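The residues making up each chain are set out below.
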Amino acid sequence: MQISARGDYAVRAALSLAAVHPSVMSAQALAADQDMPRKFLEAVLADLRRAGIVRAQRGAEGGYVLTQPPREVTIGAILRAVDGPLAGVRGMRPEETEYAGSSENLPRVWVAVRAAVREVVDETTLADVLSGKLPAHIKKLTTLPDAWQPR
């Protein structure tokens, strides 16, 4: 799975908002906190606002705030808000793929890949990441012998 810059920035901005929840944080403060370009961040925040993950507050004390407590916002919801579906195959959803001959069972693999990604990002909340207390099955994945090794 490839995490786009947009997805990475969205999760990082949401984590900054989660750290101060329920307080408001300006785009400028978010950009400074996470060392991100402000213009790009504002586009990401607009996607999060359209998805209902953050709310914009106008005025002198304005900025952005999460619409739900950090324990209710998953990493998967944030990634989908800015990048769309978690897994795609040539622009299609995995279950829409169909192959003949020696590749006929490949759609099962693509669906399994999506299910595995969901198992991590849809079960990890902003609160989990902030606290460092990841769900047990996710923490276990990080302890596998080759988990931190590139392949």
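My aim in this report is to walk through the structure given alongside it, one point at a time. Counting restarts for each chain, with residues numbered from 1 along the sequence as it is written. Selection of residues for local features in this predicted model requires a pLDDT of at least 70, selection of side-chain atom pairs for listing and counting requires 80 or more, and totals for whole chains, interfaces and linings are taken over all residues. The side-chain figures draw on all heavy atoms in the structure; neither hydrogens nor water molecules are used.

**With respect to the overall build of the chain**
Link 1 in the chain: Of regular secondary structure, the chain possesses seven helices and two strands.
Link 2 in the chain: Secondary structure elements of the chain, listed N to C terminal, follow the sequence α-α-α-β-β-α-α-α-α.
Link 3 in the chain: Considering only C-alpha atoms, the chain reaches an extent of 65 × 35 × 25 Å along its principal axes.
Link 4 in the chain: Residue burial is assigned from relative accessible area. The probe radius is 1.4 Å, only protein chains are included, and a residue is buried under 20% of its type maximum, exposed over 50%, and partly exposed in between. Sorting the 151 residues of the chain into buried and exposed places 34% on the buried side.
Link 5 in the chain: Here, two residues are considered to be in contact whenever any of their heavy atoms come within 4.5 Å of each other. For the chain, restricting intrachain contacts to residue pairs at least 6 apart in sequence, the fraction spanning at least 24 positions comes to 57%.
Link 6 in the chain: The protein chains shown are the only cover counted for residues, whose accessible areas, like all others here, come from Shrake-Rupley with a 1.4 Å probe. Of the roughly 9,300 Å² of accessible surface on the chain, a fraction of 52% belongs to carbon and sulfur atoms.
Link 7 in the chain: In this tally, Asp and Glu contribute negative charge and Lys and Arg positive charge; neither His nor the terminal groups of the chain are included. Taken as the charge centre is NZ of Lys, CZ of Arg, CG of Asp or CD of Glu, depending on the residue. Measuring between centres, the 19 positive side-chain charges of the chain sit 3 Å from its 17 negative side-chain charges. Only DSSP runs of H or I with at least four residues qualify as helices, and only runs of E with at least two residues qualify as strands; both kinds are numbered from the N terminus onward.

**As for the layout of surface pockets**
Link 1 in the chain: Buriedness for pockets is judged along seven lines, at least five of which must meet protein on both sides within 12 Å for an open set on the 1 Å grid over protein atoms alone, while cavities are sets there where a 1.4 Å probe fits but cannot get out, and lining residues have an atom within 4 Å of a point. Grid points are joined across faces, edges and corners, and a volume is the space filled by probe spheres set on the points. In this structure, the largest pocket encloses a volume near 380 Å³.
Link 2 in the chain: Around the largest pocket, the lining residues are Ile75, Val120, Val121, Thr124, Val129, Leu134, Ile138, Leu141 and Thr142.
Link 3 in the chain: Every element with two or more residues in the lining of the largest pocket is listed here: α5 (106-121) and α7 (136-142).
Link 4 in the chain: The biggest single contributor to the lining of the largest pocket is α7, with three residues.
Link 5 in the chain: Each residue gets one of three labels, nonpolar for Ala, Val, Leu, Ile, Met, Phe, Trp, Tyr, Cys and Pro, charged for Asp, Glu, Lys and Arg, and polar for the others, Gly among them. Its residues placed into classes, the lining of the largest pocket shows seven nonpolar, two polar and no charged.

**Overview of the side chain of threonine 125**
Link 1 in the chain: Tracing the sequence through the fold places threonine 125 in the loop between α5 and α6 (126-131).
Link 2 in the chain: Assessed through its relative accessible area of 11%, threonine 125 is described here as buried.
Link 3 in the chain: Not counting residues within four places of it along the chain, the set of residues in contact with threonine 125 comprises Pro70, Arg71, Val73 and Thr74.

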